[in-house]
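Summary of structural features
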Amino acid sequence: MTSAIRRLRPVVDDWSWQARGKCLRWPTEIFFPEDLGRPGLRAREQRAKQICRDCPVLMQCRDHALGTPEVHGVWGATTARERAQVRAGQR
Ligand code: SF4
């Protein structure tokens, strides 16, 4: 029974850091630049990453995105592509 409960627990227990994220003051779509397609993607990614760089919870956010893993969007000033590269290097 205990092992079944462990499997059902959320991947992340503490989400409180998200309440301090700078992204809360911006439209959500800024942090999902891939949703608008390839044209202009790099510029949109850079815009989101610039906001993240001043965020007080950047490292918690990045750790979350790498560990969950989040496969869409800019989290902790990293794109999904960059996080996939980091995860591939950890194997
Ligand atoms: S690092 Fe970026 S995505 Fe993460 S909480 Fe801060 S502003 Fe939001």
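Per chain, residue numbering runs from 1 following the sequence as it is written. Only residues with pLDDT of at least 70 get local features here, since the model is predicted, and only at 80 or more are side-chain atom pairs given and counted; chain-wide, interface and lining totals rely on the full set of residues. Excluding hydrogens and water, the side-chain values take into account all heavy atoms of the structure.

**Some points on unusual backbone geometry**
For clarity, the threshold we go by: The helix count covers DSSP runs of H or I at least four residues long, the strand count covers runs of E at least two residues long, and both are numbered beginning at the N terminus.
Residues Thr68 and Pro69 are joined by a peptide bond in cis, for which omega reads -15°. We note that Ala77 has phi near 60°; this positive angle belongs to a residue other than glycine. Note that Ala77 resides in the loop between α3 (58-67) and α4 (80-89).

**Let's talk about the nonpolar core**
To be explicit about the condition: Definition of nonpolar core: a set of buried residues of the types Ala, Val, Leu, Ile, Met, Phe, Trp, Tyr and Cys, connected through side-chain atoms within 4.5 Å. Burial classification: accessible surface area is computed with a 1.4 Å probe over protein chains only, and a residue below 20% of its type maximum counts as buried, one above 50% as exposed, and the rest as partly exposed. Note on contacts: a residue pair qualifies if any of its non-hydrogen atoms lie within 4.5 Å across the two residues.
Within the largest apolar cluster, eight residues are counted, these being Ile30, Phe31, Ala48, Ile51, Cys52, Leu58, Val74 and Ala77. Residues in contact with Ile51, not counting those within four places in the same chain, are Lys22, Trp26, Ile30 and Phe31.

**Things to note about the pattern of salt bridges**
Rule in force here: Salt bridge, as used here: a side-chain nitrogen of Lys or Arg that lies within 4 Å of a carboxyl oxygen of Asp or Glu.
With the rule as written, the count across this model stands at three salt bridges. Note that Glu45 is salt-bridged to Arg81, the shortest N-O span being 3.0 Å. On the criterion of sequence distance, the pair formed by Glu45 in helix α2 (residues 41-53) and Arg81 in helix α4 is long-range, its members being 36 residues apart. Owing to a relative accessible area of 6%, Glu45 belongs among the buried residues under this scheme. Of the residues examined, Arg81 reaches a relative accessible area of 32% and is grouped as partly exposed.

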